[in-house]
Amino acid sequence: MKNDIIDLLIIGSGPAGYTAAIYASRAGLNPILYQGKEPGGQLTITSDVENYPGYPNGIQGPEMMIDFQKQAERFGTIVKGGFIKSVDFSKYPFEIIDDNDKILIVNSVIISTGASAKWLGLESEKKFNGNGVSACAVCDGFFFKDQIVAVVGGGDTAAEESLYLSKITKKVFLIVRRDELRASKIMQKRVFDNKNIEIIWNSEVKDIFGDDKVDSVLVLNNSNNTTSKLNISGLFIAIGHKPNTDIFKDYIDLDDNGYILTKPGTTQTNIKGVFATGDAQDKIYRQAVTAAGSGCMGALEAEKFLSENNLS
C-alpha cells in the first residue's frame, strides 16, 4: 500500500545529508532522511577531525556525525536507519523503495550518498584505519608532521596526496604498482621534481605492521618477487574513490567515474526535483565542510522547487 506523499526525501547521512536536513526541517519541509548502509558516511571511520570550523579542540568523526544528526532531529527531521534500494524517477511524483520494500511517493529528493574510498583489501588495513592508515592526506596529513609516510597509487590522486604530504612530512615514499605513473604529465613532473618524494616502482603493499599504530609495511617487488620492510608512520591509500550512485544510473546523468553531474553553480541534476550534494557529485574537494555547504544549497534549491510548484 502506498503511503502519503513525502515532500522531501534525503538519501544519505554524511555532512551533506544532515546539513540538508537541518535547513529543510527549519524551512518546514518535514524531510525524511535515510541514513544508508554506512550511517554518517566516511567520517565514521575518521578518528580526529581538526579542520572543521567550530571545533577548536577537534572532534572524533563518529561523535561529530552524532551531533549533526541530533541537530537535524531537533528541528523535526525523521531519521530512518535503513537504506534506499531502488528509485524510479521516470514518473512524478517519484516512486522510491526502501530496504523493507516500503514504497515511498516523493515530491523532491536530495541525494547525499557520498563516495567510498577504494582500499587494498588487507585485513591489517582495516585494523589500522584511523591509526596510521588513511585515504585522505588533506584530512589526516597534519598528524604526521615531520614523520616518514608512504602513499599507494599511481594516478593523479596519488600524485596530489604525495605532493601535499611532502610539504609537511619528513619524507614521502610513493609506492607504484607499475613502472610508470598514470598521473597527468604535469603532475608527474611535479612529483619527479620534488626531492622529498621517493618513488618505489613495481611494488605493492602486502601487509601493515605495528602495535597501536602503523610502524612499517611489507612491500612486494612484483618484478623480481622479493619483499622488503619499509619503516613508516603513516600509509595513505590513494587508488581512487567510488561514488555511491549505482541505484541512480538509469535516470541521473553521471560522468565516466560515476559522479553525478549537476548544473554549474547548483545541485540540480538532469531530473527536475532531484538534487545531488556532497561527495556523490564532488570529485575535487571531498571535504566535510564543502559537503555541508552543498547540503545547504540542496535544501534551499529543494525548498524553492517545492514552493514554485505549489507542493509545500
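Use the structure listed above.
Residues numbered from 1 in each chain as written. Predicted model: local features only at pLDDT ≥ 70, side-chain atom pairs only at ≥ 80, totals over all residues. Heavy atoms only, no water.

1. Focus: the side chain of serine 294
Turning to step 1, where the next piece is worked out: One can find serine 294 in helix 7 (residues 288-308).
Turning to step 2, where the next piece is worked out: Excluding anything up to four places from it in sequence, serine 294 contacts Ala16, Thr267, Thr277, Gly278 and Gln281. (Helix = DSSP H or I, 4+ residues; strand = E, 2+ residues; numbered from the N terminus. Contact = heavy atoms within 4.5 Å.)

2. A word on the pairing of strand 6 (residues 84-88)
Turning to step 1, where the next piece is worked out: Both strand 6 and strand 7 (residues 94-98) contribute to a ladder of four bridges, which runs antiparallel. Bridge assignment links serine 86 to a residue of strand 7, and that residue is isoleucine 97.
Turning to step 2, where the next piece is worked out: Hairpin remark: strand 6 followed by strand 7, antiparallel, with five residues in the connecting loop. (Pairing = 2+ DSSP bridges.)

3. Examining the packing of aromatic side chains
The description of an aromatic ring pair rests on the distance of the ring centres and on the angle between the ring planes.
Turning to step 1, where the next piece is worked out: Scanning the entire structure with this criterion turns up ten aromatic pairs.
Turning to step 2, where the next piece is worked out: On the numbers, 5.5 Å between centres and 80° between planes, the contact of phenylalanine 144 with phenylalanine 236 is edge-to-face. With phenylalanine 144 in the loop between helix 4 (137-140) and strand 11 (148-152) and phenylalanine 236 in strand 17 (residues 234-237), this residue pair connects regions lying 92 residues apart in the sequence. A single burial state applies to phenylalanine 144 and to phenylalanine 236, both of which are buried. (Phe/Tyr/Trp six-rings, centres within 6.5 Å; stacked < 30°, edge-to-face > 60°. Buried < 20%, exposed > 50% of the residue type's maximum accessible area, 1.4 Å probe, protein only.)

4. Some points on the pattern of salt bridges
Turning to step 1, where the next piece is worked out: Summed over the entire model, instances satisfying the criterion amount to nine salt bridges.
Turning to step 2, where the next piece is worked out: The salt bridge partner of glutamate 95 is lysine 91, with a shortest N-O separation of 3.9 Å.
Turning to step 3, where the next piece is worked out: Its relative accessible area of 16% is what places glutamate 95 among the buried residues.
Turning to step 4, where the next piece is worked out: Judged by its relative accessible area of 37%, lysine 91 is partly exposed.
Turning to step 5, where the next piece is worked out: Of the charged contacts, one joins lysine 189 and aspartate 193 as a salt bridge, the two residues approaching to 2.7 Å between their closest N and O atoms. (Salt bridge = Lys/Arg side-chain N within 4 Å of Asp/Glu carboxyl O.)

5. As for the state of the cysteines
Turning to step 1, where the next piece is worked out: By the definition in use, this model includes one disulfide.
Turning to step 2, where the next piece is worked out: Here cysteine 136 engages in a disulfide with cysteine 139; their sulfurs sit 2.2 Å apart. Looking down the S-S bond of the cysteine 136 and cysteine 139 bridge, the torsion is 70°, so its handedness is right-handed. (Disulfide = S-S within 2.5 Å.)

6. Structural notes on the layout of surface pockets
Empty pockets left among the atoms are what a rolling probe the size of a water molecule brings to light.
Turning to step 1, where the next piece is worked out: Here the second largest pocket is characterised by a volume of approximately 250 Å³.
Turning to step 2, where the next piece is worked out: Considering the residues around the second largest pocket, the lining is formed by 14 residues, among which Gly130, Gly132, Phe143, Phe144 and Lys213 are closest to the centre.
Turning to step 3, where the next piece is worked out: Its residues assigned to classes, the lining of the second largest pocket shows four nonpolar, seven polar and three charged. (1 Å grid on protein atoms, 1.4 Å probe; cavity = no way out; pocket = protein on both sides within 12 Å on 5 of 7 lines; lining within 4 Å. Points joined across faces, edges and corners; volume = space filled by probe spheres on them. Nonpolar A, V, L, I, M, F, W, Y, C, P; charged D, E, K, R; others polar.)

7. Considering unusual backbone geometry
Peptide bonds are trans in most cases, and residues, glycine excluded, mostly fall at negative phi.
Turning to step 1, where the next piece is worked out: Following tyrosine 92, the chain continues into proline 93 via a peptide bond in cis, with omega recorded as 0°.
Turning to step 2, where the next piece is worked out: For proline 93, the position within the fold is in the loop between strand 6 and strand 7.
Turning to step 3, where the next piece is worked out: Positive phi values are uncommon outside glycine, yet aspartate 101 reaches one of about 65°.
Turning to step 4, where the next piece is worked out: Within the secondary structure, aspartate 101 is located in the loop between strand 7 and strand 8 (103-111).
Turning to step 5, where the next piece is worked out: Phi angles above zero are rare outside glycine, and aspartate 146 is one such case at about 65°.
Turning to step 6, where the next piece is worked out: Mapped onto the elements of the fold, aspartate 146 is located in the loop between helix 4 and strand 11.

8. Some words on the sheet that holds strand 15 (residues 214-221)
Sheet strands pair by backbone hydrogen bonding; their relative direction is either parallel or antiparallel.
Turning to step 1, where the next piece is worked out: Taken in spatial order, the three strands line up as 14-15-16 in an open sheet, and their pairing is antiparallel. The sheet is open, and its two borders are formed by strand 14 (203-210) and strand 16 (226-231), each paired with just one other strand. Between one strand and the next, the sheet's axes are offset by a mean angle of 25°, whatever the strand orientation.
Turning to step 2, where the next piece is worked out: Relative to strand 16, strand 15 runs antiparallel, the two sharing six bridges. (Axes fitted to C-alpha atoms, helices over the stretch in contact; angles between N-to-C directions.)

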